[in-house]
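# Results of the structural survey
Residue-level listing of the chains:
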Amino acid sequence: PTGERQWTLEALESLALQHNPTLAQAAAAVDADRGIYDQVGRYPNPQIGYLRSDSSGSGSQSQGVFVSQEFVTAGKLNKNRAIEAWDMQRLSWDAEAQRMRVRNDLKIRYYELLGAQQAVALSQELVRIATEGFETTERLSRAQQASRKDLLQAKVQMNTVRLNLREAEHRYDSAWSALAVLVGVPDLERAPVVGELAEEPPDLDWHECWTELEAQSPQMQAALARVQFARSELARESVEAIPNLNVQVVAERDRVTNSSTGSRLL
């Protein structure tokens, strides 16, 4: 590892919550559904048009305008918004679940990287010791105080630990790349990560964990929101057969007879 700065789990987590693309995607889905919620509760736009008729037989000629509006009945707009409100809540819980998933995956990648970093440091120390041992054995061999067999064994040991170092470095590179992708910053500055691998796991009670899971799990809450979403859809469909009310007002003026007429259509 190179670089003067050090990465803590908290600093990496903060970066991941800012830059992980899946979190941005989940937030965008909530924002999009918020827009849908606003739209489905609005009345249809009114229609305004121009009318013109020419009759060659009677010689009449009329022009006019019309305005029409559809009035939604049976509380359909409120029911539309009830559906989207539950869907928006579901998406919000899904976003929270993804946030927790990213944090959990980050901790896994962090400890993998921390272990790989310590493996590299240990391998470097073993290479140093093996190299010194080989050099010492080589000097003793030249002084005829060590056999050729001892020299070969020292060389094999040195080459073995050097190979182990290269493997540890490859594991470190792989762990760092996986962490950087999860954080959402592929060119994340390489620096040592700080932490301890020897922390004792907490003593957990199964019943307490299950109770907390039922009460706080975002996946459970999202599932409940999906149930309410389905119920709201059913309530909306139950009033679909009730027709909406369409009102149209027409005003015309005959230019030949110089008379005006008005009508209202339902």
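Per-chain numbering applies: the sequence of each chain, read as written, is numbered from 1 onward. In view of the model being predicted, local features appear only for residues whose pLDDT reaches at least 70, and side-chain atom pairs are presented and counted only at 80 or more, with totals across whole chains, interfaces and linings using the full set of residues. Only hydrogens and water are removed before side-chain values are computed, so all heavy atoms of the structure are retained for them.

### Comments concerning the packing of aromatic side chains
Basically, it comes down to this: Stacked, edge-to-face and tilted are the three classes for Phe, Tyr and Trp ring pairs, Trp counted by its six-membered ring, which pair at centre distances within 6.5 Å; planes under 30 degrees apart are stacked, over 60 edge-to-face, the rest tilted. A run of DSSP states H or I qualifies as a helix once it reaches four residues; a run of E qualifies as a strand once it reaches two. Both are numbered from the N-terminal end. Burial status follows relative accessibility: with a 1.4 Å probe on protein chains alone, a residue under 20% of its type maximum counts as buried, one over 50% as exposed, and anything between as partly exposed. Note on criteria: charge over ring means Lys NZ or Arg CZ within 6 Å of the ring centre, with the direction from the centre no more than 35 degrees off the ring normal.
The final tally for this structure, using the stated rule, is four aromatic pairs. With a centroid separation of 6.2 Å and an interplanar angle of 70°, the aromatic rings of Tyr43 and Phe71 are classed as edge-to-face. Separated by 28 residues along the polypeptide, Tyr43 in the loop between helix H2 (21-40) and strand E1 (47-54) and Phe71 in strand E2 (residues 61-71) bring together distant segments of the chain. According to the relative accessible area criterion, Tyr43 is partly exposed, its value standing at 44%. Relative to Tyr111, the ring of Tyr110 lies with its centre 5.0 Å away and its plane at 75°, an arrangement referred to as edge-to-face. Looking at Tyr110, the relative accessible area reads 2%, which means it is buried. A residue is classified by how much of its surface remains accessible, and Tyr111, at 32% relative accessible area, is partly exposed. Its end group placed over the ring of Trp7, Arg5 keeps NZ or CZ at 3.8 Å from the ring centre. Its end group placed over the ring of Tyr37, Arg81 keeps NZ or CZ at 5.2 Å from the ring centre.

### What about the pattern of salt bridges?
Put simply, the rule reads: Note on definitions: salt bridges are taken to be side-chain nitrogens of Lys or Arg within 4 Å of carboxyl oxygens of Asp or Glu.
Under the defined criterion, the tally for this structure stands at twelve salt bridges. The shortest N-O distance in the salt bridge between Arg90 and Asp87 comes to 2.8 Å. Of this pair, Arg90 and Asp87 both sit in helix H3 (residues 76-142), three residues apart, which is roughly one turn of that helix. Owing to a relative accessible area of 12%, Asp87 belongs among the buried residues under this scheme. Its salt-bridge partner being Arg99, residue Glu96 comes within 3.7 Å of it at the nearest N-O pair. Residue Glu96 and its partner Arg99 are located together in helix H3, separated by three residues, close to a single helical turn. Using a relative accessible area of 27% as the deciding quantity, one classes Glu96 as partly exposed. For Arg99, a relative accessible area of 31% corresponds to the partly exposed category. Ionic contacts of the salt-bridge type, sharing partners, join the residues Asp38, Arg42 and Arg81 into one network.

Nothing here speaks to function; it is geometry throughout.
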